[in-house]
Each structure stands twice: as structure tokens, then as C-alpha cells.
Amino acid sequence: MYQAIRRTTIAAMKRRNALKWTLVGVGGGVGALAVGGVGTLAYVWNDVKLDTAGKVDFARPLAIPPLAESTRDASGARVFNLDIQAGRTAFKDGRETETWGVNGAFLGPTIRAKRGEEIAFAVHNGLDEGTSIHWHGMHLPAVMDGGPHQEVEPDGIWTPQWTLDQPASTLWYHPHPHGRTGAHVYRGLAGMFIVDDDESEGLGLPAEYGVDDVPLIVQDRKFDDDNQFDDSGNFFSMQGILGDEIMVNGTLGPYVEVSTRLVRLRLLNGSVSRLYNFGFSDDRPFSLIATDGGLLPSAWETDRLQLSPGERAEIVVAFEPDETVVLRSYPADEGYEGPLGRFNGADDQLDVCEFRAAGVLADETAIPEAMGTAPDLADAEVAEERSFELSGFNQINGESMDPQRIDFGVREGTVEVWEVTNVDGFMHNFHVHDVQYQVLSVDGEEPPERLRGWKDTVQLIPHKRYRLAMRFADYTDPNLPYMYHCHILAHEDAGMMGQFVVLGEGEEIGTVPEGGSVHSHG
Ligand code: C2O
Ligand code: CU
Ligand code: CU
């Protein structure tokens, strides 16, 4: 019954959208926008904003991605087999959805390994087109990065290997083929990568995977009438696909049975375009304990946490026995009051996941006073300052990505400060491969609390200047670049991306090998 009502609501919402598009179409489509101006745009978008608060039927237990199995090879390296494949997934009643996944039909297993371990992968591409697996947030040699230069051809096998050397953190992996990242992620290729270390294991934080330490890969999808992912994009938006249904770990309308007082949630905005502003339905406070690159020195209490695509956060929330509360995404707090925010869903209100607390809750964990180490680059000697302007849908400093062009080289062992500005009124964010950075300032001011830990992706509020400090500790390669880009995947794919190499002493920028760096086959 409830289910039926909900379906009707969403169907009605879709019809209303269609109607508005028709009205705009009659008025002359995009031309009418120029004539009608911002007023028309505001009218259209304000009228179709989504509000599913209190309307989602949380009828399915949240799927927990399995932990990836591994074996040890003769050298002692831990080896994971990742098999990229096409399949079908039953998200809802009716026809199954054609999806892609890793070691399964949709999404991938959670990879988990510890700092200091040698890790190795056999990534097999079982699709009939090329793809790659990029380890987002990982410090590693460029040849292992899994970007556009490590595309794996159909039936090819790619075998990257490196020593895991960074603090405990919640990272993720996803494809990164040139121009097709958005499509591949939308089809289902993504997973979490949890890094552990000795320090974090001794802290007494909630840490039982899937019980009181729960991964939440939050994504939006649009389904067509035949239950297939609708990837037609949005009319007159270059921001990419904005879905009207939220899934977590591939579960629509998920609920979680809570058995402990404190629960740690590892949040990943795995959407291609959508901005989330997480909070709970009763506005209860929660503690931010980790940002992209690892644990904060101490927890920060808040009741809202805004995450743009690609960003992660670990939060700890406290529950009372027998209560039910919903994790929700609220309209954005920062930067998107105007109609342009609409393109990334900034004024939507969406129910995400329901938490149902048991009558008796175990109470054996706590948030310690001191956790990770604070970013320490504010007073570092700066070898180079660079500035980056993101503009339109496809440009950084007036240029679009060219896989054969290396934009600049940085020196191994040095600290650089990159000043990054979104010159548009709509959303961009900024991700750098290989490093975690410190946000030194935002428009000359101290960064907001949520940006005080190590970050690899940061939302760029329009027209503000973000000063980011990063150290390029090691792994030189004059020929194979790392990427920096907007993580709104439609922008990344359109070319809002550049490349840099890390150079050893005396080394010069080289030449990107044509055809990439992956040569092994299945
Ligand atoms: Cu999450 Cu270059 O990517
Ligand atoms: Cu990345
Ligand atoms: Cu962008």
C-alpha cells in the first residue's frame, strides 16, 4: 500500500517534470532561456525540486558490500582478484536492471588492507569495452594509478602492485577511462577501499565492519519505465545525470538494524553529479571523525555535512534504544541558493537510509579525545605556487584535457600551494591524484571545520579561492602523469582535467606513451 502510494508520487513527479520541459520547449527551448533569462530558469527548476522526506518506504535491509578476499603470493604480497563484469540486478519489482559490477553484478567488494602491506591486484576486464580501475585517494606510483593511461582492454588483465603507505582512511575505487568515467560509474563500477593502520586500531572507535562500522555508498539513479538506468542526462544541464531515487550500496529504500549505541558511518558520495548535505531527520548532532585522507586530530560535532561527488567522511552517531531515525540529505548550506544550484540537486531534500535501534544497545566503543594527526603544511616551505581556474563544463585555465599533454611537472619531495577557483555560478569540485592536501584557506579565511582534515576532493563554492597545500613525497615518473580534475563526472569526461608528473632531481618532463601503459592480456 505504502509502496504503491510512493510509486504514484514519483510517477507524478516525473510527469510534472515532463510537463515543464514541454512548456520550455514550446517557448523555444534553450533560446527561451536567453530571452526569458534567469526568471524562466528559476521558475522551471524551483518547480521540479525533489522532496522525498517522510515519503520513502524503507523496506529493504541495507546491502553491505562483502570484504574482498585475498591470497598471499610467494613474495608475501596480498593479492586481490577483481573481475569487472556485466550482469543484472533486481533493485525493485519487475524487470532486472542491466548493470556492471566488480566480482558481482553491481558495485564491488570493499577492499581492506593495512598500512605497510604490499598489495597487488589482478584486474580482469570482462566487459566488451575498455575500462580502468583508479584508486581514488591513494598515494602510489603513477603507473599503478588506474587513470586514463592504464585502460584495460576487453579481456585484458592489469596487475598493479604497491606498498600501502598512508594513514587509516576511507578511500574508494572506480573506473577512469578517458571520456567515459561517468557512464562506467553510473552503470555500477565503484567500491570502497578501507586503509587500516596500527594507530587507528588502538583507538576504541566503532570498528566492526557491517555492524557498528558501516560503509554507505550513496548514489542517485534515474530509472526508465522498464527499470533500466536512464542515462539520458538532464535537459539543458551539462552537470550530468541527476537521479530522483537514492540507493545506498545498491539498495533502494534501505534500513539498518542498529545493535550498538555508537555507530560509525563511512559516507561516500558516489554520485556522478549530485551534492548531498547529510543530516538526520531529528537534526541530532553527530561527530565528524575523518575526512578523505584519514582521521581528524579530534572529532567535530555538527548536524550537517555537505559532500560533493567523490568526497568521503567518517561520522559517528549515537542511538537510543528502540528509536528510528532517518539519514537525510538536506538542501545545501553553502553556495547554491540560486537556480544554478538546482543542476546538482542542491535544493532537494531526500531520505537516504533508515536506522532502527534495538531495545538493548551494546555500549563498548567511544570517540577518543585524540585520533589522527593534523595537516601540517601551513608553515612548510613552498616550492611552487600555481593557480587553477575551473570554467564552463570542460576547462581548467582555459584548456581541456589532452591525454598527450603534460601540463606541468612538480619536484619530488617539495610542497606546492595550488590556488583553485570556480569562476562559474554552478558547482565544480577539485580532486588531485596521488596526494592528500591541506586546505589552507578559503577566500583568505580559515577553512570551515569540515575541511580541516586531509582532503583529496573539495567542493568549490563559486568564486571563492581555495588554497591547497600538498607534498609530493616520492614516486617519480617523467612520462606517466597523475590527474587533477573536477569530480562532477560529466565535467571530467568533457575535459575539465589536467595532468602533472612528479620529477626527480634534474629530470625533465617526458612524453606520455601513446596507447597507455597497460600491456598484459588475459
Ligand atoms: Cu575519483 Cu580522477 O578520480
Ligand atoms: Cu582520484
Ligand atoms: Cu565541474
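Please read all numbers here as calculations on a predicted model, not as lab measurements.

Chemist: Just to check I follow, could you spell out the overall build of the protein for this structure?
Modeler: Across its full length, the protein carries five helices and 33 strands. Within the protein, the proportion of its 522 residues that are buried is 59%. Considering only contacts within the protein whose residues lie at least 6 apart along the sequence, 79% involve residues at least 24 apart. As displayed, the protein has an accessible area near 19400 Å², and 49% of this comes from carbon and sulfur atoms.

Chemist: What should I look at first to understand the layout of surface pockets in this one?
Modeler: The method is simple in principle: a probe with the dimensions of a water molecule rolls over the atoms, and the space it marks as empty is what remains. The computed volume of the largest pocket comes to approximately 700 Å³. Arg115, Gln166, Pro167, Gln436 and Trp454 are the residues nearest the centre of the largest pocket, which is lined by 27 residues in total. Put simply, the parts of the chain that give the lining of the largest pocket at least two residues each are helix 4 (198-201) and strand 19 (294-302). Within the lining of the largest pocket, the residues separate by chemical class into 10 nonpolar, nine polar and eight charged.

Chemist: It is not clear to me how the sheet that holds strand 17 (residues 276-280) should be interpreted in this structure. Could you clarify?
Modeler: Backbone-to-backbone hydrogen bonds pair the strands of a sheet. The strands run either parallel or antiparallel. Reading across from one edge, 1-15-23-22-17-20 is the order of the six strands in this open sheet, with mixed pairing throughout. Every interior strand has two partners, whereas the edge strands, strand 1 (60-61) and strand 20 (305-307), have only one. Of the pairings in the sheet, the one linking strand 15 (residues 254-260) to strand 23 (residues 350-362) comprises five bridges and is parallel in character. Each bridged residue has a counterpart across the sheet, and for Val258 the counterpart in strand 23 is Ala357.

Chemist: What is the right way to read the pairing of strand 4 (residues 97-102) from this model?
Modeler: In terms of residue burial, strand 4 counts as a mostly covered element, since five of its six residues are buried. Across six bridges, the pairing between strand 3 (residues 78-89) and strand 4 is antiparallel. Bridging across to strand 4, Gly87 finds its partner in Thr99.

Chemist: How do you make sense of the coordination of the copper ion (ligand 3) when you look at a structure like this?
Modeler: Put simply, a metal with four donors set out as a tetrahedron has ideal angles of 109.5 degrees, and one with six donors set out as an octahedron has ideal angles of 90 or 180 degrees. Only His428 (ND1), Cys486 (SG) and His491 (ND1) from the protein coordinate the copper ion (ligand 3), and they sit 2.0 to 2.2 Å from it. Read N to C, the donor residues that coordinate the copper ion (ligand 3) are spaced as H-x57-C-x4-H. Taken together, the residues His428 in strand 28 (residues 428-432) and Cys486 in the loop between strand 32 (482-485) and helix 5 (489-494) connect sequence positions 58 residues apart. Pair check on accessibility: His428 and Cys486 agree, each one buried.

Chemist: Looking at this structure, I do not really get the packing of aromatic side chains. What am I missing?
Modeler: Here a ring pair, both rings aromatic, is described through the centre-centre distance and the interplanar angle of the planes. On inspection of all chains with the given rule, the structure shows 34 aromatic pairs. For the pair Trp135 and Tyr173, a centre-to-centre distance of 6.2 Å together with 50° between the ring planes defines the contact as tilted. Placement of the pair is Trp135 in strand 7 (residues 134-136) and Tyr173 in strand 10 (residues 169-174), with a sequence separation of 38 residues. Judged by relative accessible area, which is 1%, Trp135 ranks as buried. Aromatic side chains Tyr186 and Phe229 sit 5.5 Å apart centroid to centroid with 55° between the ring planes, which places their arrangement in the tilted category. Residue Tyr186 is found in helix 3 (residues 181-187), and its partner Phe229 is found in the loop between strand 12 (213-221) and strand 13 (245-248); the two are separated by 43 residues along the sequence.

Chemist: Any chance you could explain the confidence of the model for the protein here in plain terms?
Modeler: Detailed reading of the predicted coordinates is not advisable wherever pLDDT is low. On average, residues of the protein carry a pLDDT of 90, and 88% of them reach 70 or more. When the criterion is pLDDT under 50, residues 1-37 qualifies, and its contacts beyond four places in sequence or with other chains add up to 38 contacts.

Chemist: Honestly, the coordination of the copper ion (ligand 2) in this entry has me stumped. Any pointers?
Modeler: Within the first shell, the copper ion (ligand 2) binds the protein through His134 (NE2) and His431 (NE2), at distances of 1.9 Å. Of this pair, His134 sits in strand 7 while His431 sits in strand 28; the two residues are 297 residues apart in sequence, bridging distant segments of the chain. The exposure class assigned to His431 is buried, which follows from its relative accessible area of 0%.

Chemist: Help me understand the environment of Leu480, please; the structure alone is not making it clear to me.
Modeler: Its location among the elements puts Leu480 in the loop between strand 31 (465-471) and strand 32. In the structure, Leu480 is positioned 74 residues away from Ile406 in sequence and 8.7 Å away in space, judged by C-alpha atoms.

Chemist: Can you walk me through the pairing of strand 29 (residues 437-442) in this structure?
Modeler: Remember that side chains alternate between the two faces of the sheet whenever the strand is regular. Of all six residues in strand 29, five are buried, a share of seventy percent or more. For strand 29 and strand 31, the ladder comprises five bridges, and the chain directions are antiparallel. Bridged to Val442 within strand 31 is Tyr466.

Chemist: I'm lost on the side chain of Ser132 in this one. Help?
Modeler: The topology assignment puts Ser132 in the loop between strand 6 (118-125) and strand 7. The buried category is assigned to Ser132, whose relative accessible area is 1%. With residues near it in sequence (within four places) discarded, Ser132 still touches Gly146, Gly147, Gln150, Glu151, His174, Pro175, His176 and Pro177.

Rules behind the numbers
- Residues numbered from 1 in each chain as written.
- Chains lettered and ligands numbered in written order.
- Predicted model: local features only at pLDDT ≥ 70, side-chain atom pairs only at ≥ 80, totals over all residues.
- Heavy atoms only, no water.
- Helix = DSSP H or I, 4+ residues; strand = E, 2+ residues; numbered from the N terminus.
- Buried < 20%, exposed > 50% of the residue type's maximum accessible area, 1.4 Å probe, protein only.
- Contact = heavy atoms within 4.5 Å.
- Areas by Shrake-Rupley, 256 points an atom, 1.4 Å probe, with all protein chains shown as cover.
- 1 Å grid on protein atoms, 1.4 Å probe; cavity = no way out; pocket = protein on both sides within 12 Å on 5 of 7 lines; lining within 4 Å.
- Points joined across faces, edges and corners; volume = space filled by probe spheres on them.
- Nonpolar A, V, L, I, M, F, W, Y, C, P; charged D, E, K, R; others polar.
- Pairing = 2+ DSSP bridges.
- Donors = N, O, S within 2.8 Å, 3.2 Å for Na, K, Ca; no water.
- Phe/Tyr/Trp six-rings, centres within 6.5 Å; stacked < 30°, edge-to-face > 60°.
- pLDDT = per-residue confidence, 0-100.

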